[in-house]
Amino acid sequence: MTSPRDRVDACPGALQTHTAADGELARVRVPGGSLSAHQLRVLALASRELGDGHLEMTSRGNLQLRGLPVVHDLGDRLADAGLLPSATHERVRNVLASALTGLDDEGHVNASPWVRALDAGLVADPALAELPGRFLAALDDGRGDVIGLGADVGLLALSATEVALVLGGVDSGLRTDPGGAVDLALDAARALLAERAAQDSQAWRLAELDDGPARVAARLTARRGTPVEMPAAPLVGQVGAVAQPDGRTALVGVVPLGRLSADQAELLAELADGVRITPWRTVVVPDLAEEAVDDAAVDLFRTGFVFDEASPWLQVTTCAGRPGCAKSLSDVRADAVAAVTTGRLPADGARQHWAGCGRRCGRPAGALDVVATGDGYSIGAV
Ligand code: SF4
């Protein structure tokens, strides 16, 4: 397959913003979804003072601020808070990690050190600033929650001592140990660029290159194993209380439609030293003492977090829609809220993504399409 791209991608960042109908839109990369309490406060204040008072959670576990003026100091605020370590690499720092890694016993390894090392390695190599803004890395501790989310370069722990390199969603068969895994992933990112240049391509994703996974793998040196099938990513995120091996508890709540308010972000900053945001529009609040769990859950519930795994809010995501996007044929958020609150979600409440036009921005793989037509919505067909 030859890449159809005839231009470089225009993914927004914190510095290279996108002009939307409601103002400038900035996307803040949050590798591994990890945010300190201080960073939460900085983002909350920025959303209040510069934007619309909300932080939009994306399907790649990043955050967006909307409604910004053309001239603003968001970049300086983020840099001061450690959220913009490189002006040249900001758009390529798309790194997913297993949401509960290191907090429970489900993974073979703790992927959090991989996140920090991969992010540092990306930023340290000037050549990797040339990666497309669509570049995505997924670091899976072995539980299989993020490796199926369509990353260009992925690591999947197969055991405590063996890690598979996954390219374009396919097991490359290349193997390493946990200590060498990040270096192999960085080499794969460089090989992606080399292969893209060799094909004289502007591909935005590894899978868009001719025979991309195999040709990128052929540029790498590592021991070989028998390729394994990749687990499918879960359609909805885990919510509720998760017991940590150290006796503390992680609370996981979904943010309806992924619109985290400044008030919610500030409450999170009061409850924990840091949190994780996930691609399922959930927030993990770790390390809660036993006696603090109930009060934290009540406080979060009062501000709109949902902890009921049967809630329809777990099943629905939307694009921005009107008034934020000029292309939208409807106010999809308002329509989706009305459908949830009146119990009238289509398709018996199956996992669904509502969009204001056929581009279906932010659509998670496997979700049913609910697309505005200008005269209602089409369900499941665009
Ligand atoms: S799907 Fe269409 S309406 Fe929705 S944000 Fe994307 S371009 Fe705008």
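Parameters at a glance
- Residues numbered from 1 in each chain as written.
- Predicted model: local features only at pLDDT ≥ 70, side-chain atom pairs only at ≥ 80, totals over all residues.
- Heavy atoms only, no water.
- Pairing = 2+ DSSP bridges.
- Helix = DSSP H or I, 4+ residues; strand = E, 2+ residues; numbered from the N terminus.
- Axes fitted to C-alpha atoms, helices over the stretch in contact; angles between N-to-C directions.
- Near = heavy atom within 4 Å.
- Nonpolar A, V, L, I, M, F, W, Y, C, P; charged D, E, K, R; others polar.
- 1 Å grid on protein atoms, 1.4 Å probe; cavity = no way out; pocket = protein on both sides within 12 Å on 5 of 7 lines; lining within 4 Å.
- Points joined across faces, edges and corners; volume = space filled by probe spheres on them.
- Left-handed = near helix turned anticlockwise from the far one by under 90°.
- Contact = heavy atoms within 4.5 Å.
- Buried < 20%, exposed > 50% of the residue type's maximum accessible area, 1.4 Å probe, protein only.

1. Overview of the sheet that holds strand E8 (residues 153-157)
Item 1. The strand order E6-E7-E8-E9-E10-E11 describes an open sheet built from 6 strands, whose pairing is mixed. The open sheet has two free edges, formed respectively by strand E6 (95-97) and strand E11 (223-224), since each of these has just one partner strand.
Item 2. Relative to strand E7 (residues 137-140), E6 runs parallel, the two being bridged by 3 bridges. Within E7, the position partnered with valine 95 by the bridge is alanine 137.

2. Side note on the sheet that holds strand E19 (residues 368-372)
Item 1. The strand order E17-E18-E19-E20 describes an open sheet built from 4 strands, whose pairing is mixed. Each edge of the open sheet carries a strand with a single partner, namely strand E17 (316-318) and strand E20 (377-379). The mean angle between the axes of side-by-side strands here comes to 20°, regardless of whether they run parallel or antiparallel.
Item 2. Of the pairings in the sheet, the one linking E17 to strand E18 (residues 352-355) comprises 3 bridges and is parallel in character. Paired with threonine 318 across the strands is tryptophan 354, a residue of E18.

3. What to know about the site of the ligand
Item 1. In the vicinity of the ligand, the contacting residues are Cys319, Ala320, Cys325, Lys327, Ser328, Gly356, Cys357, Arg359, Arg360 and Cys361.
Item 2. In terms of residue class, the shell around the ligand is built from 5 nonpolar, 2 polar and 3 charged.

4. Thoughts on empty space enclosed by the protein
Over the atoms, a rolling probe the size of a water molecule traces out where space has been left empty.
Item 1. Applying the stated rule across the entire model yields 1 cavity of 30 Å³ or more.
Item 2. Here the largest cavity defines a volume of roughly 50 Å³.
Item 3. For the largest cavity, the full set of lining residues is Gly32, Gly33, Arg60, Gly61, Val95, Leu96, Ala97, Ser98, Ala99, Ile277, Thr278 and Pro279.
Item 4. The leading source of residues in the lining of the largest cavity is E6, at 3 residues.

5. Things to note about the packing of helix H3 (residues 112-124) against helix H4 (residues 181-198)
Item 1. Running from amino to carboxyl end, H3 crosses H4 at an angle of 40°, the nearest separation of the two axes being 10 Å. Judged by the sense of rotation from one axis to the other, the crossing of H3 with H4 is right-handed. Residues Trp114, Ala117, Leu118, Gly121 and Leu122 of H3 form the contact with H4, whose own contacting residues are Ala181, Val182, Ala185 and Leu186.
Item 2. Taken together, the residues of the contact of H3 with H4 sort by class into 8 nonpolar, 1 polar and no charged.

6. Some thoughts on the pairing of strand E15 (residues 274-277)
Item 1. Residues Gly274 and Arg276 point to one face of E15 and Val275 and Ile277 to the other, with burial holding for every one of them.
Item 2. As paired strands, strand E3 (residues 34-36) and E15 are joined by 3 bridges and run antiparallel to one another. Looking at the pairing, leucine 35 lines up with valine 275 of E15.
Item 3. Judged from the 2 bridges that link them, E15 and strand E16 (residues 282-288) form a sheet pairing that is antiparallel. Within the sheet, the bridge partner assigned to arginine 276 lies in E16 and is valine 284.

7. A look at unusual backbone geometry
Item 1. Following arginine 322, the chain continues into proline 323 via a peptide bond in cis, with omega recorded as -5°.
Item 2. Backbone geometry places aspartate 200, a non-glycine residue, at a positive phi of 50°.
Item 3. Here aspartate 200 shows up in the loop between H4 and helix H5 (212-218).

Take it as geometry only, folks, not as evidence of what the structure does.
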